[in-house]
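Breakdown of the fold
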Amino acid sequence: LEVGPIEPGFLARWIESRLATRGVTAAAVTGGAVSTGAGVGARCVELAGPSTLDVMLLARPLWERSVAAGKATRDGVDHAFGAVVSMLDEDLRREWERCSTAQQQALRAIAGATSGLTTADTIAEFGLGASGTVPSSVNALVDREVGRKEPAVAPGYVFDRPFLRGWVIAHPLPDSGRQMPITTLPPARAG
């Protein structure tokens, strides 16, 4: 059964409606918009989207935790995200180990950079080497479907799997001196 993309607002409302069938209260999505600060369904979509499968993978531990507690919160979504990252640890570690050193550095930069990958600041901060190395490393990651181009975010690229992003933030990124919550999303590109 192939499931294509589901409109984010609809998917967010659907997650919350499923929680409601078990008496779980969750903040509602207003006006169908998915944005930071919206309800728990929107937070699931925000953290794990655009892949419907990834959103559902995140919604499962949220469901289990929320049904037991009788309520669903944004913190609960963030906790569920961490639970999925932990559950997938072995697979995510293997994906990391399949990458060359230059690709690993590029993944650290995609996870933590606040400007483009080829900017002097990012190259220096993440030890990306010569500027010509960056495009070849990133292109290899895109070819392997580990990352994808996303012009709307500051680094210009995002992880194809949100749980790999969380894993990189939790494990290898601190080696470069950066600490941040694993639910940190890429910053929007300025201007």
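To be clear, the structure that these remarks concern was listed above.
I will try to describe carefully the structure that is included in this document. (Residues numbered from 1 in each chain as written. Predicted model: local features only at pLDDT ≥ 70, side-chain atom pairs only at ≥ 80, totals over all residues. Heavy atoms only, no water.)

This part is about the packing of helix α4 (residues 74-87) against helix α9 (residues 162-170). Close contact between α4 and α9 brings their axes to 9 Å; oriented N to C, the two are set at 85 degrees. Here α4 lies roughly perpendicular to α9, going by the angle between them. Here Phe-81, Val-84 and Val-85 of α4 come into contact with α9, specifically with Pro-162, Phe-163, Arg-165, Gly-166 and Trp-167. (Axes fitted to C-alpha atoms, helices over the stretch in contact; angles between N-to-C directions. Helix = DSSP H or I, 4+ residues; strand = E, 2+ residues; numbered from the N terminus. Parallel < 35°, antiparallel > 145°, perpendicular 65-115°, else oblique. Contact = heavy atoms within 4.5 Å.)

Tallied over the entire structure, the rule returns 2 aromatic pairs. Measuring from centroid to centroid gives 5.3 Å for Phe-81 and Phe-163, while their planes differ by 35 degrees, and the two rings are tilted. Of the two residues, Phe-81 is situated in helix α4 and Phe-163 in helix α9; the sequence distance between them amounts to 82 residues. Neither residue differs from the other here; Phe-81 and Phe-163 are each classed as buried. Relative to Trp-167, the ring of Trp-96 has its centre 6.0 Å away and its plane inclined at 55 degrees; by these criteria the two rings are tilted. Remark: Trp-167 occurs in helix α9 and Trp-96 occurs in helix α5 (residues 89-97); sequence separation between them is 71 residues. (Phe/Tyr/Trp six-rings, centres within 6.5 Å; stacked < 30°, edge-to-face > 60°. Buried < 20%, exposed > 50% of the residue type's maximum accessible area, 1.4 Å probe, protein only.)

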